[in-house]
Amino acid sequence: MLKKKVSEALNKHLNKEMYSANLYLSMSSFAGSIGFKGTANWFMVQYQEEMVHAMKFYNYINSHGEHVQMAAMAAPPATFKGLLDLFEQTLKHEMSITSALNDLLDLALTEKDHATNIFLQWFITEQIEEEENDRDIIGKLKLIGDNGQGLLMLDSELGTRVFVPPATAA
Ligand SMILES: [Fe+2]
Ligand SMILES: [Fe+2]
């Protein structure tokens with residue numbers, strides 16, 4: 001059983017994860033358009049991860065006998081200043097997701113919703129990895145600066161990222 005307040009907040013978060021998916025799809029397309037195919041791959045994998053995040057919320061809401069409400073969402077930006085801008089905006093966005101998840105967990109705790117508390121634990125841990133990945137790449141990009149060879153090497157490293165589907169049904 002989900003309290004109305006909790007179920008509405010979970011639904012709202014599902015839509016935030018859908019926005020994340022859209023944002024990374026847009027970033028993937030942009031990176032490809034400026035010749036960074038590896039970076040485009042990295043964002044495509046990130047898009048797939050976001051769809052997994054959204055579906056976890058979708059399935060969680062449905063498993064309580066409720067249904068989700070998909071919402072209209074703002075269009076993500078379509079153009080960026082370059083690789084550093086892409087990853088700085090990604091980190092900024094993920095930090096806002098982390099804070100939204102923290103608020104959601106606070107709500108689960110005040111509402112004494114133990115199942116939702118347990119459900120959210122996975123996301124709280126996942127956000128550490130999300131932010132760390134972005135910070136690592138931003139650090140490398142700052143070191144590389146305008147060095148073309150460095151950028152190409154980083155791009156080919158980002159091209160090796162592979163989407164790993166969740167072990168259990170999302
Ligand atoms: Fe996410
Ligand atoms: Fe992740």
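Residues numbered from 1 in each chain as written. Chains lettered and ligands numbered in written order. Predicted model: local features only at pLDDT ≥ 70, side-chain atom pairs only at ≥ 80, totals over all residues. Heavy atoms only, no water.

Enquirer: Just checking my understanding: could you explain the environment of Gly145 for this structure?
Expert: Inspection of the secondary structure assignment puts Gly145 in the loop between helix 4 (114-144) and helix 5 (148-158). Sequence separation between Gly145 and Leu84 is 61 residues, and the spatial gap between their C-alpha atoms is 9.0 Å. (Helix = DSSP H or I, 4+ residues; strand = E, 2+ residues; numbered from the N terminus.)

Enquirer: Would you mind going over the coordination of the iron ion (ligand 1) with me for this structure?
Expert: Ideal values differ by geometry: the angle at a metal is 109.5 degrees with four tetrahedral donors, but 90 or 180 degrees with six octahedral donors. Of the protein atoms, only Glu17 (OE), Glu50 (OE) and His53 (ND1) coordinate the iron ion (ligand 1), at distances of 2.1 Å. Spacing between the donor residues of the iron ion (ligand 1) along the chain follows E-x32-E-x2-H. Placement of both Glu50 and His53 in helix 2 (residues 37-63) is noted, with a separation of three residues, approximately one turn of the helix. Among the residues examined, Glu50 registers a relative accessible area of 1% and is labelled buried. Residue classification places His53 among the buried residues on the basis of a relative accessible area of 2%. (Donors = N, O, S within 2.8 Å, 3.2 Å for Na, K, Ca; no water. Buried < 20%, exposed > 50% of the residue type's maximum accessible area, 1.4 Å probe, protein only.)

Enquirer: Is there a simple way to think about the layout of surface pockets in this case?
Expert: Regions of empty space are outlined by a rolling probe, equal in size to a water molecule, passed over the atoms. Approximately 240 Å³ is the volume found for the largest pocket. If you trace the largest pocket, you find 15 residues lining it, with Glu49, Trp122, Glu126, Val164 and Pro166 closest to the centre. Going through the elements one at a time, helix 2 and helix 4 are the ones with two or more residues in the lining of the largest pocket. Of the residues forming the lining of the largest pocket, the biggest block, five residues, is contributed by helix 2. When grouped by side-chain class, the residues that make up the lining of the largest pocket number nine nonpolar, one polar and five charged. (1 Å grid on protein atoms, 1.4 Å probe; cavity = no way out; pocket = protein on both sides within 12 Å on 5 of 7 lines; lining within 4 Å. Points joined across faces, edges and corners; volume = space filled by probe spheres on them. Nonpolar A, V, L, I, M, F, W, Y, C, P; charged D, E, K, R; others polar.)

Read these as spatial facts, not as claims about activity.
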